[in-house]
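Listed below, chain by chain, are the residues.
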Amino acid sequence: MPHIDQNVKLDFKDVLIRPKRSTLRSRAEVDLNRSFPFRNSKMDYTGVPVMAANMDTVGTFQMAKALAEPEFNMFTCIHKHYTLQEWEQFDKSASDELYSHIAISGGTGDLDRLTEVIKSVPRLKYICLDVANGYSEHFIHFVEKVRRHFPDHTIIAGNVVTPEIVEELILKGADIIKVGIGPGSVCTTRVKTGIGYPQLSAVMECADAAHGLGGHIISDGGCTCPGDVAKAFGAGADFVMLGGMLAGHDQSDGQVIEKNGQKVKEFYGMSSKTAMEKHSGGVAEYRASEGKAVTVPYKGDVAVTARDILGGLRSTCTYVGAGKLKELSKRTTFIRVTQQENRVFSTGKE
Ligand code: 5GP
């Protein structure tokens, strides 16, 4: 008989964070930097743990440079479609510091390419192993194999949404687990397959499992506004990964086009028809189900958006009395709600 889990599982839209007494006077007092030692690579990380997704249009070299600026100190998982030559070119202009803020990405078919690039670009420290279905045995073996090949690199692996597989991937050599199946802005997995897990609950349950083993997690997908980023950290995410919120900028790939008199940029899922056509079948297996292609309003320099996201996050910390981002989850009490913002004058998301 099919099993039904009767416990209610929640998304960002189902909760708000309860304010708490605070001694902080202004959001300028809040430190968003975090430092982690990684369980398997034994490397250390320090930075503001908000990440650009390894999507064609978002995980670009330009994005990495902009987000790694000291004002932001953010991270970028570089998409997997750059050639060895492009990596070599990038390497010439990249500082050592930048390599603490980027990962090279690949799927199960990419070990040779990863090996080749890492050999030529030895300053790379992070490897992001990303597949649609992190539950497949094939993927788990792949993570083990990559760990054997690269004992000192920090390995990000996903995507999954339940604690038992988080533990398994960590024990097989991954340091950071990417959590999220179906919440993405251009993802159609839930529509095409019926598979998924409400993101806030997935993050809470997976963070608990990972932290028990000294591992870390990324909340990947589903953030629509800075408040959602704060909720993901409040739920226990060590990192939060963003696709749609970072699309449409100067640093995003693609041309600015005019549509109905508005400047827009294209943004698409990694397994959308658009992505598959662009890479001539190269990503056909990236996601089990398709993604969407959309246009998003052109938003100019990503610095403005990054400031807005980090400003929101600092403000959340002041509302709950967290002087450091590290304290946010300890000081978070979620309340279940039936309404988010008042939409009488707009959608509320400018
Ligand atoms: P967003 O921040 O836009 O809500 O979510 C970004 C995340 O969506 C990515 O990091 C990735 O995990 C997921 N994603 C990107 N492209 C696709 C796709 O084509 N299909 C699916 N199922 N997920 C995608």
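Scroll up to find the structure this text is about.
Of the two faces of strand E11 (residues 239-242), the one lined by Phe239 and Met241 and the one lined by Val240 and Leu242 are each fully buried. Judged from the three bridges that link them, strand E4 (residues 50-52) and E11 form a sheet pairing that is parallel. By the bridge assignment for E11, Val50 is matched with Val240. Sheet topology places strand E10 (residues 216-220) next to E11; three bridges connect them, and they run parallel. Bridged to Ser219 within E11 is Val240. Handedness of the crossover joining E10 and E11 through helix H8 (residues 226-234) is recorded here as right-handed.

Turning to the side chain of Asp11, a few remarks are in order. In this structure, Asp11 sits in the segment before strand E1 (15-17). Within the buried core, Asp11 has no salt-bridge partner, and the shortest N-O distance to an opposite charge, that of Arg190, equals 4.2 Å. In terms of polar contacts, Asp11 uses its side chain to reach the backbone amide nitrogen of Gln199, at 3.1 Å. With residues near it in sequence (within four places) discarded, Asp11 still touches Arg190, Pro198, Gln199 and Leu200.

Another aspect to go through is the side chain of Arg34. Among the structural elements, Arg34 can be located in strand E2 (residues 34-37). One buried charged residue, Arg34, remains without a salt bridge, the closest side chain of opposite sign being Asp238 at 4.2 Å. If we ignore the near neighbours within four places in the chain, the residues touching Arg34 are Tyr45, Thr46, Gly47, Pro49, Asp238, Leu325 and Lys326.

A few words now on the site of the ligand. The local shell around the ligand holds 20 residues, among which Ser185, Thr189, Asp220, Gly243 and Gly244 are the closest. Within the side chain of Ser185, a nitrogen or oxygen atom sits 2.5 Å from an oxygen atom of the ligand. Residue Met270 places a main-chain N or O atom 2.8 Å away from a nitrogen atom belonging to the ligand. Contact with the protein chains hides 97% of the accessible area of the ligand, taken as 530 Å² for the molecule alone.

About the criteria used
Residues numbered from 1 in each chain as written. Predicted model: local features only at pLDDT ≥ 70, side-chain atom pairs only at ≥ 80, totals over all residues. Heavy atoms only, no water. Buried < 20%, exposed > 50% of the residue type's maximum accessible area, 1.4 Å probe, protein only. Helix = DSSP H or I, 4+ residues; strand = E, 2+ residues; numbered from the N terminus. Pairing = 2+ DSSP bridges. Right-handed = clockwise from strand over helix to strand, strands pointing away. Lys, Arg positive; Asp, Glu negative; His and termini not counted. Salt bridge = Lys/Arg side-chain N within 4 Å of Asp/Glu carboxyl O. Polar contact = N/O pair within 3.5 Å; in protein donor to acceptor, adjacent residues only side chain to side chain. Contact = heavy atoms within 4.5 Å. Near = heavy atom within 4 Å. Areas by Shrake-Rupley, 256 points an atom, 1.4 Å probe, with all protein chains shown as cover.

By themselves these figures say nothing about function.
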